[in-house]
Amino acid sequence: MAQERKFDAEQMTELLDRHDYKKLKEELESVHPVDIVDAFDELDKKERTLVFRLLAKEEAAEVFTDMDSDMREDLINALTDSELEEVMEEMYVDDTVDVLEEMPANVVDRLLMATDEDTRAKINALLQYPEDSAGSIMNIEYISLRKEMTVADAILKIRQVGINKETIYTCYVTEKKRLIGIVDVKDLLTAGESRKIAEIMDENVLYARTLDDQEYVANMINKYGLVAIPIIDHEDCLVGIVTVDDAMLVLQDETTEDISIMAGVSPNEDSYFGTSVFQHAKNRSLWLMLMMLSATVTGEILGYYENAMAAMPVLITFIPMLMGTGGNCGSQSSTLVIRGLAVGEIEFRDILRVIFKEIRIALIVGVLLSVVNGIRIYIMYDKNIMLAAALGITMIAVVAMAKCIGCILPLTAKKLGLDPAIMAAPLITTILDTCTILVYFNIVTAFFRI
């Protein structure tokens, strides 16, 4: 099996400096487009354009698709109209739409001018679908067969039009544009040439609709191990397919968005280094502001128990430990529940099962932590058994409360149509800080009558 060979920016620059373009072009033929894009990060705009012009048309289209938006825009401005037209001809329509959505208006106009009328109509049709819908990411390049065709006719059609399709592993059987079945190429190659498509097609077809959420479609592809899934419109007509590579990109984007929200950062499509310092600060400031202001509630509660803290100053020293433990327990539960919701393992109807499970976990963890902490307090604070007992009970209560809140909030958010990741740290931590203070001082005041 041939292995893709690495060809880094330093080697490209060396050949460019020697003006050995023939050798550079030969070397580029054996390099994967993704590796070329990686090397482009270390080249300047002029070098990047020179190398791009040496690529074969198909490889140039793949490299163009894999670039980030800034690099792509620089290249568009450097290419002539005829060069740009050649690139656009080799790109699949869904990839072209993805590129257009990231470009400023003046660049979009130039790209559309570089496409033929038929392709432009297809692009405009895809751009009309809502953002993040299946229709916005689907590919309209698929192979359609009729049920009355023979296997030989089907194979001939694949040979004739397959070169222009993104995938040929699965063919779709339609009748008056309506999807009625699917046929794998493997079945075509192993069936007799005179057999009808109707005899070998699978009528039990998994499909999605144009307005379905793209994450839902991507999860379907992942769940059922599909190479592609057909997309139908409101009239049940086949209008496109979503392929596994597009699904992987969707899941990557959705995961990145969830991680950002869970960390208290506004989602951003650009890379870490591709985002300016000001934009990073802007993305983080809103969440930090909300968390800071919400902490005012905790401060007010502490002020309410000022007399208790004055009577027993030692109580203050245990607040960071309890708040930290509660926040960590809540984050553990919320992270696992959010992950379960994301992969379809947990649904809202499972809320009672989840709560029951988390309570049992909390009892085990809470008792273990309270015993260890109780022994520490007993030794360090003059064998004060009452203080150790009060903190032990508080610890169990805080852990149980944190586990329950940590699992309930993401499930409730999902039910309300919100992103469950919103209910992750630091939001849950802030909520739990307030609840922990209330539980703690209610228990110690009951114990010590203060």
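Use the structure listed above.
Because the structure is predicted, anything quoted here is derived from the model rather than measured.

(A) Summary view of the overall build of the protein chain. Per the secondary structure count, the protein chain includes 22 helices and six strands. A compact globule built from 450 residues would reach a C-alpha radius of gyration of about 22 Å, whereas the protein chain, at 30 Å, exceeds it by more than 25%. Put simply, the protein chain has 450 residues, and 44% of those count as buried. Restricting the contact set of the protein chain to residue pairs at least 6 apart, pairs at least 24 apart contribute 67%. Of the accessible surface of the protein chain, which amounts to about 24900 Å², a share of 56% is contributed by carbon and sulfur atoms. Taking the 41 positively charged and 74 negatively charged side chains of the protein chain as two groups, their mean positions are separated by 6 Å.

(B) Examining helix α20 (residues 351-380) more closely. Between its first and last C-alpha atoms α20 spans 41 Å; for 30 residues at 1.5 Å apiece the expected length is 44 Å, and the two agree. Listed as buried for α20 are Ile351, Val354, Ile355, Glu358, Ala362, Gly366, Ser370, Asn373, Gly374 and Ile377. Against α19 (319-342) and α21 (385-415) lie the buried residues of α20.

(C) Fine view of the packing of aromatic side chains. By the definition in use, this model includes seven aromatic pairs. With 6.4 Å between their ring centres and 55 degrees between their planes, Phe52 and Phe64 make a pair best called tilted. Residue Phe52 is found in helix α4 (residues 45-54), and its partner Phe64 is found in helix α5 (residues 57-66); the two are separated by twelve residues along the sequence. For the pair formed by Phe52 and Phe64, the shared burial category is buried.

(D) Here's a closer look at the packing of helix α1 (residues 9-17) against α4. The N-to-C vectors of α1 and α4 enclose an angle of 85 degrees; their axes lie 11 Å apart at closest approach. Judged by the angle between their axes, α1 and α4 are roughly perpendicular. Of α4, the residues touching α1 (which contributes Met12, Thr13 and Leu16) are Glu47, Leu50 and Val51. Its residues assigned to classes, the contact of α1 with α4 shows four nonpolar, one polar and one charged.

(E) Up close: the sheet that holds strand β2 (residues 170-175). Reading across from one edge, β1-β2-β3 is the order of the three strands in this open sheet, with mixed pairing throughout. One side of each edge strand has no neighbouring strand; the edge strands of this open sheet are β1 (144-145) and β3 (178-184). Two strands pair when backbone bridges link them, and β1 and β2 are joined in this way by two bridges, in the parallel orientation. In the strand pairing of β2, Ser144 is matched with Tyr172.

(F) Geometry of the pairing of β3. Here β2 runs beside β3; their pairing, made up of six bridges, is antiparallel. Paired with Thr170 across the bridge in β3 is Asp184.

(G) Here's a closer look at the sheet that holds strand β5 (residues 228-232). The mixed open sheet is built from three strands, whose spatial order is β4-β5-β6. Of all strands in the sheet, those bounded by a partner on one side alone are β4 (208-209) and β6 (238-243). Taken together, the five bridges between β5 and β6 define a ladder with antiparallel strand orientation. Looking at the pairing, Pro230 lines up with Ile241 of β6. Sitting on the sheet, helix α15 (residues 214-224) is in contact with β4, β5 and β6, with an inclination near 140 degrees to β5.

(H) Broad picture of a nonpolar patch on the surface. Where nonpolar side chains cluster on the molecular surface, the patch consists of Val367, Val371, Ile375, Tyr378, Ile379, Met380, Ile385 and Met386 and spans about 770 Å² of accessible area. Every element with two or more residues in the nonpolar patch is listed here: α20 and α21. Looking at which element gives the most residues to the nonpolar patch, the answer is α20, with six residues. Here Met380 shows up in helix α20. Assessed through its relative accessible area of 53%, Met380 is described here as exposed.

(I) Highlighting the nonpolar core. Membership of the largest hydrophobic core comes to 54 residues, with the highest contact counts inside it found for Phe40, Phe52 and Leu111. If we ignore the near neighbours within four places in the chain, the residues touching Leu111 are Ile76, Leu84, Met88, Val99, Leu100 and Met103.

(J) Up close: the side chain of Thr174. Structurally, Thr174 can be placed in strand β2. Relative accessible area serves as the criterion here: at 14%, Thr174 is assigned to the buried category. Within the structure, Thr174 has its side chain in polar contact with the side chain of Ser144 (distance 2.9 Å). If sequence neighbours within four positions are ignored, Thr174 has contacts with Ser144, Leu145, Arg146, Leu179, Ile180 and Leu238.

(K) Quick look at helix α3 (residues 33-40). Burial runs high along α3: six of the eight residues are buried. Pro33, Asp35, Ile36, Val37, Ala39 and Phe40 are the residues of α3 that are buried. Summarising the contacts, the buried residues of α3 are in contact with α1, α2 (21-28), α4, α5 and α6 (69-78).

The rules behind each value
Every chain's residues receive numbers from 1 upward, in the order its sequence appears when written. Residue-level local features of this predicted model are given only where pLDDT is at least 70; pairs of side-chain atoms are given and counted only at 80 or more, and the full residue set underlies all totals for whole chains, interfaces and linings. The side-chain figures draw on all heavy atoms in the structure; neither hydrogens nor water molecules are used. Counting from the N terminus, the helices are DSSP H or I runs at least four residues long and the strands are E runs at least two residues long. Throughout, the radius of gyration refers to the C-alpha atoms, and the reference size of a globule is 2.2 Å times the residue count to the power 0.38. Buried, partly exposed and exposed residues are distinguished by accessible area as a fraction of the type maximum, computed with a 1.4 Å probe on protein chains only: under 20%, between the cut-offs, and over 50%, respectively. We call two residues contacting when some pair of their heavy atoms lies within 4.5 Å. For accessible areas, the Shrake-Rupley method is used with a probe of radius 1.4 Å. Any residue's cover is judged against the shown protein chains and nothing else. Charge assignment in this entry is limited to Lys and Arg as positive and Asp and Glu as negative, and neither His nor the chain termini are counted. Taken as the charge location is NZ of Lys, CZ of Arg, CG of Asp or CD of Glu. The span one expects for a helix is its residue count, reduced by one, times 1.5 Å. Each Phe, Tyr or Trp ring (for Trp, its six-membered ring) is paired with any other whose centre lies within 6.5 Å, and the angle between the two planes then decides the class: stacked below 30 degrees, edge-to-face above 60, tilted in between. Lines fitted to the C-alpha atoms define the axes, with helices restricted to the stretch that makes contact. Angles between their N-to-C directions range from 0 to 180 degrees. For classification purposes, angles smaller than 35 degrees are called roughly parallel, those larger than 145 roughly antiparallel, those between 65 and 115 roughly perpendicular, and all remaining angles oblique. Residue type decides the class: Asp, Glu, Lys and Arg count as charged, Ala, Val, Leu, Ile, Met, Phe, Trp, Tyr, Cys and Pro as nonpolar, and the leftover types, Gly among them, as polar. Strand pairing follows a simple DSSP-based rule, namely that at least 2 bridges must link the two strands. Note on patches: the residues involved have over 30% relative accessible area and no salt bridge, like charges join within 9 Å, and the nonpolar side chains Val, Leu, Ile, Met, Phe, Trp and Tyr join within 5 Å. The rule for a salt bridge is simple: a side-chain nitrogen of Lys or Arg has to be within 4 Å of a carboxyl oxygen of Asp or Glu. Working definition of a nonpolar core: buried Ala, Val, Leu, Ile, Met, Phe, Trp, Tyr and Cys residues. They are joined through side-chain atoms within 4.5 Å. The term polar contact refers here to a pair of N or O atoms within 3.5 Å; inside protein, the definition further demands a hydrogen-donor-capable atom paired with an acceptor-capable atom, and it admits residues adjacent in sequence only when both atoms are side-chain atoms.

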